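# Per-entry structural report
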Amino acid sequence: MTRIVNSGMGDGGGRMSDAGEPAIDLERVGRSFDGRSILKDVNLRIGRGELFGLLGPSGSGKSTLIKLIAGIDKPEGGRIRVLGRQVPSLALLSNIGYMAQSDALYGELSAKENLQFFGAMFKLPGARLAERLEAALSTVGLSSDAGKPVARFSGGMKRRLSLAIALLHEPELLILDEPTVGIDPVLRVSIWSSLLALRERGTTILLTTHVMDEADRCDRIGLIREGTLTAVGSPAELKAESGASTIEEAFIRLGGEKR
Amino acid sequence: MRVRALTLRICRQFIRDKRTLALLFVAPLFILTLVYFIFGGSGSPPKIGAVGLPNAIVSGLEASADVVDYGSWDEALEDLRGQDLDAVLALRSGKPALLLEGSDPSRSRAVLLAVSALQRQSASQALQPEISYLHGKAGMSSFDSFGPVMIGFFSFFFVFLLAGVAFLRERTTGTMERLLATPIRRQEVVLGYLCGFGVFALAQAALIACFAVYVLGMYMTGSIWLILLVNLLLTLTALTLGTLLSAFAGSEFQIIQFVPIVIVPQAFFSGLFPLDGMSPWLHKLTYLMPLYYGGDALRGIMIRGEGFGGIAADIAVLVVFSLSFAALNVVALRKQRAI
């Protein structure tokens with residue numbers, strides 16, 4: 001029904017650590033809401049230290065898939081293993097940094113207080129929390145606004161704070177749902193360079209996007225459409241496979257021929 | 001650590017949301033004051049007509065009532081019928097008799113208080129009048145009687161509303177999902193909410209109780225600490241019930257829709273209204289109403305001066321309500337996260 005391109009590990013990135021299981025391992029995962037199938041039979045493996053992008057139109061099931069991997073939602077069928085553990089697992093959540101599509105922040109609290117709150121959720125001890133707080137704030141360029149109540153933040157600032165919260169406890173796996181929406185180009189570049197730096201240090205990153213040039217910077221991307229993973233591979237592979245010169249074109253050719 | 005952080009966060013959010021804070025603290029006082037004025041409150045001292053009473057008694061009565069001397073029983077009776085008097089106290093064939101106008105329970109109560117004060121004052125005289133009523137009957141309730149239930153009702157109502165909306169907002173704004181993407185346990189979430197809201201529930205309970213007793217002068221013979229304890233338990237029940245029901249609401253508006261379903265029946269069954277005429281099977285519903293137990297305990301403490309032993313059963317039931325709602329909350333959070 002669909003063509004799966006290179007559904008195994010990408011050889012392009014070559015970053016997968018030999019040790020242990022892949023960071024994310026999905027087997028025949030499905031999810032439906034009110035009888036309507038949102039995800040169908042998704043198989044996907046993401047290696048440790050990989051920067052993986054999920055690309056797809058809104059409503060295609062990206063966020064649902066991400067929530068399943070983060071262990072917030074439960075699949076109806078199939079098996080999910082993350083960092084060598086069966087999902088859902090409470091202990092696993094300590095190793096995951098999650099950033100939802102909507103900015104889930106406490107408007108009455110300042111940026112710093114939001115970070116402190118989530119730091120406590122991960123049981124970061126005082127000295128480490130203070131140090132990580134500074135680091136996370138400076139990564140997203142919010143150091144000078146740390147004391148402001150979040151209710152007065154712009155949309156972009158909230159997005160950045162959400163990202164800072166996801167980075168706070170230095171998780172092994174970062175799951176970011178549309179991390180750069182509403183962020184201006186200059187800051188987007190700086191956020192991307194921090195993401196790349198995190199990957200260099202071995203953090204596995206799974207993100208969703210519909211910005212094509214962001215997809216181009218991922219080690220591998222997965223194209224998702226109407227709940228089905230239609231293609232998985234490095235940007236170069238996908239372009240070659242579809243004979244397209246841009247990811248955008250490849251996306252249309254690989255995903256669109258279904259109907 | 002997580003529970004403490006959650007508690008602190010809720011307190012901070014509360015303190016910065018001035019309007020909600022005002023609703024929690026000022027609104028109950030405002031309504032309670034309104035009720036107080038509507039149902040008479042202390043008002044002016046009662047007017048008692050005296051017929052053929054010794055001077056000692058008249059001057060004793062004057063400490064807490066306006067006393068008007070009448071030459072004959074009939075004259076006094078005429079003024080009583082015209083509602084110029086609240087009661088007539090007379091010596092009839094050597095025995096003291098008290099006739100109350102009786103249509104306003106709060107006035108009757110004031111008269112009875114004045115007379116009983118006189119009794120205590122002059123114990124030797126053994127002034128025990130035969131009490132009769134022109135209208136109504138003895139034991140009609142008034143603000144003093146349903147005031148204690150009102151105290152509990154307001155605590156319950158406002159905490160229910162705020163906790164329900166706060167919990168719902170966590171869900172609709174996505175912060176609940178975000179929170180549950182951290183390794184916090186579901187029982188830690190519920191416990192954190194209990195503590196965070198508990199701080200404000202306790203402050204509110206203290207404020208309402210002190211306002212009613214010390215400012216409005218509500219009749220009170222028991223211990224203020226017991227009142228606070230019962231009020232706190234009642235608000236914890238409201239808190240856990242509010243957060244539990246918010247799991248079944250999709251918007252703030254739907255939380256409001258729980259008011260006629262959950263709050264109003266409780267008001268009916270809480271003892272604010274007499275339930276004697278109710279059919280027995282309907283009467284049994286009272287046992288399902290947390291407010292009934294709270295109201296019963298508060299009334300016992302304030303009016304009958306009951307100690308801990310007298311209200312222990314009510315307290316136990318409220319604790320069971322709170323604990324079971326809290327446990328159900330932990331289960332309901334499964335809807336948000338599987339583990």
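One can find the structure itself at the top, above this paragraph.
Since this is a predicted model, take the numbers as computed values, not measurements.

### Section: the sheet that holds strand β9 (residues 220-225) of chain A
Residue and element names in this part refer to chain A. The six strands lie next to each other as β6-β7-β8-β3-β9-β10, forming an open sheet whose pairing is mixed. Strand pairing shows two members of the sheet lacking a second neighbour, β6 (96-99) and β10 (228-233), which therefore form its edges. Strand-to-strand, the axes of this sheet are offset by a mean angle of 15°, without reference to chain direction. Docked against the sheet, helix α1 (residues 62-70) engages β3 (51-55), β6, β7 (173-177), β8 (204-209) and β9, running at close to 155° with respect to β7. Against the sheet, helix α8 (residues 235-242) touches β9 and β10, its axis set at about 110° to β10.

### Quick notes on the pairing of β3 of chain A
In summary, the side chains of a regular strand alternate between the two faces of the sheet. All names here are of chain A. Within β3, five of the five residues are buried, leaving the element largely enclosed by the surrounding structure. Going residue by residue along β3, you find Leu51, Gly53 and Leu55 tucked away on one face and Phe52 and Leu54 tucked away on the opposite face as well. Note that β3 and β8 share five bridges and pair parallel. Note that in β8 the partner of Leu51 across the bridge is Ile205. In this structure, β3 lies alongside β9, joined through four bridges in parallel fashion. Paired with Leu55 across the bridge in β9 is Leu223.

### Observations concerning the sheet that holds strand β5 (residues 85-86) of chain A
All names here are of chain A. Pairing is antiparallel across the open sheet formed by four strands, whose spatial order is β2-β1-β4-β5. Of all the strands in the sheet, just β2 (36-46) and β5 have a single pairing partner and so form its edges. Pairing of strand β1 (residues 24-33) with β2, which is carried by seven bridges, proceeds in the antiparallel orientation. Bridge assignment links Asp25 to a residue of β2, and that residue is Arg45. On the sheet, α1 packs against β1, β2 and β4 (77-82) and is oriented at approximately 125° with respect to β1.

### Let's talk about the pattern of salt bridges
Opposite charge on two side chains permits pairing when their charged atoms draw close. Residues and elements named next belong to chain A. Scanning the model with the defined rule gives 26 salt bridges over all chains in all. Residue Asp41 pairs with Arg28 through a salt bridge whose shortest N-O separation is 3.6 Å. One end of the pair, Asp41, is in strand β2; the other, Arg28, is in strand β1, and 13 residues separate them in sequence. Notably, a salt bridge pairs Arg132 with Glu170, separated by 3.7 Å at the nearest N-O pair. Pair noted here: Arg132 is in helix α4 (residues 126-139) and Glu170 is in the loop between α5 (155-167) and β7, with a separation of 38 residues, a long-range link. Judged by its relative accessible area of 10%, Arg132 falls in the buried class. Its relative accessible area of 41% is what places Glu170 among the partly exposed residues.

Cut-offs applied
- Residues numbered from 1 in each chain as written.
- Chains lettered and ligands numbered in written order.
- Predicted model: local features only at pLDDT ≥ 70, side-chain atom pairs only at ≥ 80, totals over all residues.
- Heavy atoms only, no water.
- Pairing = 2+ DSSP bridges.
- Helix = DSSP H or I, 4+ residues; strand = E, 2+ residues; numbered from the N terminus.
- Axes fitted to C-alpha atoms, helices over the stretch in contact; angles between N-to-C directions.
- Contact = heavy atoms within 4.5 Å.
- Buried < 20%, exposed > 50% of the residue type's maximum accessible area, 1.4 Å probe, protein only.
- Salt bridge = Lys/Arg side-chain N within 4 Å of Asp/Glu carboxyl O.

Coordinates in, geometry out; function isn't part of it.
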